[in-house]
Amino acid sequence: MKLVFIGADHEVTGSCHYMEVGDKKFCVDIGMEQGQDLFENQEIPVNPSEIDFILLTHAHIDHTGLLPMLFARGFRGQVYATKATVDLSQIMLRDSAHIQQFEAEWRNRKARRSGGEIYEPLYTMEDALGAIRLLVPCEYDKKVTICDEVTIRFTDVGHLLGSSSIEVFAKEGEEERTVVFSGDLGNTHKPILRDPIYTKAADYVVMESTYGDRLHGEEAPDYVGELAAIIENTFRRGGNVVVPSFAVGRTQEMLYFLRQIKEQQLVKTHPDFEVYVDSPLAVEATNIFGKNVQQCFDEEAKALVEKGINPIGFPGLKLSITSDDSKAINFDQQPKVILSASGMCEAGRIRHHLKHNLWRPESTIVFVGYQTRGTLGRALLEGAKEVKLFGEVIKVAADIVQLEGLSGHADKNGLLKWVNSFEKKPEEVFVVHGEDAVCEAFTSCLKDEYKFKARAPYSGDVFDLITGEWTEWGSRERIQKKPKQSSAYIRLLTASERLKSVIEHNEGGTNKDLGKFADQIIALCDKWER
């Protein structure tokens, strides 16, 4: 009986854990990495066709996104998840496949023009549809016996519609162990979703640490008041409020707040302002929210539904489906709110809206979610003065703000409350799903302040769940990558090519002119030589 750490170890994305119990082989999550990759992830140690089944904690792509790739490589087992996770995964995996194929087509057009190599997408729409057919919906709080060796149970942890921690009750011969995977733990007092429910018993715990080094604040921020003030100030300047928002989860929360703002008439400048949801995926996800009220909504949201009020609908809400719909938004001169994916600005229609609004000092870009290292969103939050979008350098003149505390993840106190809710301390806690320094800091906190036995494993580390010993160690070496070239440096390289062209153009000139030209170049080199 062993546990192998594969992905999101000393990193935030690409969650994947592999287990063997008797002759059964399975994974908990099979996520895609997003943003900067600091450590080389180990491959799953068996051929995908040998994997018996997969468990999913929730539908976010960094937990599910490689499922179609596994299908393409031969996996045909069942995939267990909550009903809402199955619903959301169906649309998110199709969307991911579309992105993969679109990117491949774009790269291959460039490759054909330059004579470069043809790029193969990670997977196709057919692979995504094949993976979707393997999904098995399960209910919260009920044990599901998958085989003689493994029984599971899903518990709501309030991170996303359908999100869960998973208890794995494993049996190998006479030995039995309970391993709890936290999944992504939700924040408390979030709109729409229930607060996390705590698990009481486990032999071993695999837990996330995304916000393991920070606090959201003692009091819940006034998100409605803060957002209303941002909208009011932006509209007075004649600008747009652009919100990079995850299509699933965060977009629906923002709609909940915007409904309250309109209901309470908090924006005076343009009280009938329009809100555009420019993401076909977000539109589909919003419909799925409406189908999972009883299983996933909190009491406040349920009460609204019972009164006939749509918690995430209001007058002035515009749903943008087609690319023509999306383009039309930026030709409308009226101040407006634009919600668009992706939340970290790495792909999707949000990049077009940034291109049209980043250079405008009257506009505001509002970040409402975690921005991982190496993403455009992170760069903007850290004060980038210019960015490159669609091959064009864009000056950053818009206000860049972040709604603090608005997070789908539990903060340090929330993580500690969850792990301290076990009635008996687990044998060991494995800290994953956090940036390198955060994993280590949270692990130290668990050990030093709360007396847990804890470790932050690396990809490739192997733990024997029966003997309680580590049997193999993965690599600790960081990936060495060349620093990304800045737009200014690219301009400099372009200028050097132009200079070379000018020199060649002056061949045959007089010695006097060529000598003067050479002196000027030498003087410039002397000035900048370091």
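Structure's up top.
Everything quoted here is computed from the prediction, not taken from an experiment.

### Remarks on the pattern of salt bridges
Okay, step 1: Counted by the stated rule, this structure contains 23 salt bridges.
Okay, step 2: A salt bridge links Asp278 to Arg349; the nearest nitrogen and oxygen atoms lie 2.7 Å apart. Here Asp278 is found in strand E13 (residues 275-278), whereas its partner Arg349 is found in the loop between strand E15 (337-340) and helix H11 (350-357), with 71 residues between them in sequence. When sorted by exposure, Asp278 lands in the same class as Arg349, which is buried.

### As for the sheet that holds strand E19 (residues 399-402)
Okay, step 1: Reading across from one edge, E14-E13-E15-E12-E16-E19 is the order of the 6 strands in this open sheet, with parallel pairing throughout. Both edges of this open sheet fall to strand E14 (317-320) and E19, since each of them pairs with a single strand only. Each adjacent strand pair in this sheet contributes to an overall mean axis angle of 20°, direction not counted.
Okay, step 2: Where strand E12 (residues 241-244) and E15 come together, 4 bridges link them in parallel fashion. Directly across from Val241, in E15, lies its bridge partner Val337.
Okay, step 3: Across the sheet, H11 lies against E12, E13, E15 and strand E16 (364-367), angled at about 150° from E12, the strand it touches most.

### A word on the side chain of Thr251
Okay, step 1: Looking at the element boundaries, Thr251 is found in helix H6 (residues 250-263).
Okay, step 2: Reaching out from Thr251, the side chain makes a polar contact with the backbone oxygen of Phe246 at a distance of 2.8 Å.
Okay, step 3: Other than its neighbours up to four places away in sequence, Thr251 contacts Ser245, Phe246, Val277, Ala282 and Leu339.

### Topic: the environment of Tyr119
Okay, step 1: If you trace the backbone, Tyr119 turns up in the loop between helix H3 (83-114) and helix H4 (125-132).
Okay, step 2: Judged by relative accessible area, Tyr119 falls into the partly exposed class, the value being 24%.
Okay, step 3: The sequence separation of Tyr119 and Leu446 amounts to 327 residues, and the corresponding C-alpha distance is 45 Å.
Okay, step 4: What Tyr119 contacts, discounting residues up to four positions off in sequence, is Ala104, Arg107 and Asn108.

### So, the packing of aromatic side chains
Okay, step 1: All chains considered together, the criterion is met by 15 aromatic pairs.
Okay, step 2: With a centroid separation of 5.5 Å and 75° between ring planes, the pair formed by Phe39 and Tyr458 is classed as edge-to-face. With Phe39 in the loop between strand E3 (24-30) and strand E4 (53-55) and Tyr458 in the loop between strand E21 (454-455) and strand E22 (462-464), this pair connects stretches of sequence that are 419 residues apart.
Okay, step 3: Overall, the relative accessible area of 5% leaves Phe39 in the buried class.

### Digging into the pairing of strand E5 (residues 78-82)
Okay, step 1: Counting buried positions over the 5 residues of E5 gives 4, a clear majority of the element.
Okay, step 2: Bridge analysis of E4 against E5 gives 3 bridges, and the strand direction is parallel. Opposite Ile54, over in E5, you have Val79 as the bridge partner.
Okay, step 3: Strand direction decides the pairing type here: E5 and strand E6 (residues 135-138), joined by 4 bridges, are parallel. Across the sheet, the residue bridging to Thr82 is Cys138, located in E6.

### Side note on the sheet that holds strand E23 (residues 469-472)
Okay, step 1: Strand order in this open sheet of 8 strands is E6-E5-E4-E3-E2-E1-E22-E23, and the pairing throughout is mixed. Edge strands, defined here as strands with exactly one partner in the open sheet, are E6 and E23. Pairwise comparison of adjacent strand axes, ignoring direction, gives a mean angle of 25° for this sheet.
Okay, step 2: Pairing analysis gives 6 bridges linking strand E2 (residues 16-21) to E3, with the strands arranged antiparallel. Across the sheet, the residue bridging to Met19 is Phe26, located in E3.

### Some words on the packing of H3 against H4
Okay, step 1: Closest axis-to-axis distance for the H3/H4 pair is 8 Å, and the angle between their directions is 165°. Relative to H4, the element H3 lies roughly antiparallel. Note on packing geometry: the crossing formed by H3 with H4 is right-handed. Across from Gln90, Leu93, Arg94, Ala97, His98 and Gln101 in H3, the residues of H4 making contact are Met125, Ala128, Leu129 and Ile132.

Procedures and definitions
Residues numbered from 1 in each chain as written. Predicted model: local features only at pLDDT ≥ 70, side-chain atom pairs only at ≥ 80, totals over all residues. Heavy atoms only, no water. Salt bridge = Lys/Arg side-chain N within 4 Å of Asp/Glu carboxyl O. Helix = DSSP H or I, 4+ residues; strand = E, 2+ residues; numbered from the N terminus. Buried < 20%, exposed > 50% of the residue type's maximum accessible area, 1.4 Å probe, protein only. Pairing = 2+ DSSP bridges. Axes fitted to C-alpha atoms, helices over the stretch in contact; angles between N-to-C directions. Contact = heavy atoms within 4.5 Å. Polar contact = N/O pair within 3.5 Å; in protein donor to acceptor, adjacent residues only side chain to side chain. Phe/Tyr/Trp six-rings, centres within 6.5 Å; stacked < 30°, edge-to-face > 60°. Parallel < 35°, antiparallel > 145°, perpendicular 65-115°, else oblique. Left-handed = near helix turned anticlockwise from the far one by under 90°.

In short, the description is geometric, and any link to function would need to be established separately.
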